[in-house]
Amino acid sequence: SQTIHQWPATLVQPVGSPLSLECTVEGTSNPNLYWYRQAAGRGLQLLFYSVGIGQISSEVPQNLSASRPQDRQFILSSKKLLLSDSGFYLCAWSVGAGTDTQYFGPGTRLTVL
Amino acid sequence: KNEVEQSPQNLTAQEGEFITINCSYSVGISALHWLQQHPGGGIVSLFMLSSGKKKHGRLIATINIQEKHSSLHITASHPRDSAVYICAAYGGSQGNLIFGKGTKLSVKP
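First, a word on what this report is: a plain description of the structure on this page.

Thresholds applied
Residues numbered from 1 in each chain as written. Chains lettered and ligands numbered in written order. Predicted model: local features only at pLDDT ≥ 70, side-chain atom pairs only at ≥ 80, totals over all residues. Heavy atoms only, no water. Disulfide = S-S within 2.5 Å. Helix = DSSP H or I, 4+ residues; strand = E, 2+ residues; numbered from the N terminus. Buried < 20%, exposed > 50% of the residue type's maximum accessible area, 1.4 Å probe, protein only. Pairing = 2+ DSSP bridges. Contact = heavy atoms within 4.5 Å. Buried area = accessible area lost by both parts, 1.4 Å probe. Salt bridge = Lys/Arg side-chain N within 4 Å of Asp/Glu carboxyl O. Polar contact = N/O pair within 3.5 Å; in protein donor to acceptor, adjacent residues only side chain to side chain. Core = buried A, V, L, I, M, F, W, Y, C linked by side-chain atoms within 4.5 Å. Phe/Tyr/Trp six-rings, centres within 6.5 Å; stacked < 30°, edge-to-face > 60°.

1. Here we look at the state of the cysteines
Residues and elements named next belong to chain A.
Thought 1: With the rule as written, the count across this model stands at 2 disulfides over all chains.
Thought 2: Note that C23 is cross-linked by a disulfide to C91, the S-S spacing being 2.0 Å. Between C23 and C91, the S-S dihedral sits near -75 degrees, and the bridge is therefore left-handed. Residue C23 is found in strand β3 (residues 19-26), and its partner C91 is found in strand β9 (residues 87-94); the two are separated by 68 residues along the sequence. Comparing C23 with C91, the two get one shared label, buried.

Following this line, the structure appears as structure tokens:
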């Protein structure tokens, strides 16, 4: 069966520090991968999606970046965190595009102080 | 105006009540998803539908493509149904899911 892992579960970082969140998927090949953010009081927002290794599409301009170094690994990074980067970050995967069910990871709660 | 609107924002019900959560969208879509977010933050996909109606246990989702409207119904609600329910439309200008802000449901025993 397929599983999706995210770590860390929670993170408290100072403004200006770097960020690296990791997401891995098991039990499937060549998944579509997604990074979402849910800010306090707001809906989910798609940040990045990837249809294959090294292929990243950015939906929202920000100081975040994403990379997919391996088929089932998706990394969200920042060189310098802003206060506005605080939120709940979710990774998800699907077999195909938006007409396919997306399966979400447990999420990382990031607080930038 | 958001492309995906949900109502109500908050809903409190007594155990056993029939629940309806509504989702309207302004974009042309090819599919609509209903998600459930538990208090800890974890998200589970409930339904993906492009027409008609789907049922899973006590949950029923319907969609009317012409009216650009979908509903999620919960029959015989239970406190464990307390969660945020999110609808998401696929097929908007960005080509990926566009999310509503969610409906927070609390079911009291």
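2. With respect to the pairing of strand β5 (residues 44-52) of chain A
Residue and element names in this part refer to chain A.
Thought 1: The element β5 is extensively covered by neighbouring structure, given that 7 of its 9 residues are classed as buried.
Thought 2: Here 6 bridges tie strand β4 (residues 32-38) to β5, and the two strands are oriented antiparallel to one another. Bridge pairing in β5 places W35 opposite F48.
Thought 3: Turn length for the β4-β5 hairpin, with the two strands adjacent in sequence and antiparallel, is 5 residues, and the turn residue G41 shows positive phi of about 75 degrees.
Thought 4: Of the strand pairs in this sheet, β5 and strand β6 (residues 55-58) are connected by 3 bridges, and their pairing is antiparallel. Residue pairing for β6: F48 is matched across the bridge by S58.
Thought 5: With antiparallel pairing between neighbouring strands as the criterion, β5 and β6 make up a hairpin whose turn holds 2 residues, including G54 at a positive phi of roughly 75 degrees.

3. Regarding the interface of chain A and chain B
Thought 1: Taken together, the 18 residues of chain A in the interface contact 18 residues of chain B.
Thought 2: Across the chain A to chain B interface the summed buried area is about 1,500 Å²; carbon plus sulfur atoms make up 58%.
Thought 3: Between the two partners, chain A and chain B, sit 0 salt bridges.
Thought 4: Summed over the shared surface of chain A and chain B, the result is 1 residue pair in polar contact (both at pLDDT 80 or more).
Thought 5: Put simply, the parts of the chain that give the side of chain A that touches chain B at least two residues each are β4, β5 and β9 of chain A.

4. So, the pattern of salt bridges
All names here are of chain A.
Thought 1: The final tally for this structure, using the stated rule, is 3 salt bridges over all chains.
Thought 2: Close ionic contact of D85 with R37 constitutes a salt bridge, the shortest N to O distance being 3.5 Å. Of this pair, D85 sits in the loop between β8 (73-78) and β9 while R37 sits in strand β4, and the two are 48 residues apart along the sequence.
Thought 3: Of the residues examined, D85 reaches a relative accessible area of 2% and is grouped as buried.
Thought 4: R37 sits in the buried class, given a relative accessible area of 11%.

5. Digging into the nonpolar core
Thought 1: Counting 24 residues, the largest nonpolar core has B:L32 and B:W34 as the members making the most contacts within it.
Thought 2: Those elements giving two or more residues to this core turn out to be β3 (19-25), β4 (31-37), β5 (43-49), β7 (59-64), β8 (69-74), β9 (83-90) and β11 (103-108) of chain B.
Thought 3: Residues in contact with B:L32, not counting those within four places in the same chain, are B:C23, B:Y25, B:F47, B:M48, B:L49, B:I63, B:S70, B:C87 and B:A88.
Thought 4: One finds A:L47, A:F74, A:Y89 and A:V112 within the second-largest nonpolar core, a separate group that totals 20 residues.

6. Re the packing of aromatic side chains
Thought 1: Taken as a whole and assessed by the stated rule, the structure comprises 5 aromatic pairs over all chains.
Thought 2: Put simply, the rings of A:Y34, A:Y36, A:F104 and B:F99 touch in pairs and so form one group of aromatic residues.

7. Points about the environment of A:L76
Residue and element names in this part refer to chain A.
Thought 1: Along the chain, the position of L76 falls in strand β8.
Thought 2: On the accessibility criterion, L76 (0% relative accessible area) is buried.
Thought 3: Taking C-alpha positions, L76 is 5.9 Å from S65, a pair spaced 11 residues apart along the chain.
Thought 4: Setting aside chain neighbours within four positions, we find L76 in contact with L19, S20, L21, W35, L47, F48, L64, S65, A66 and Y89.

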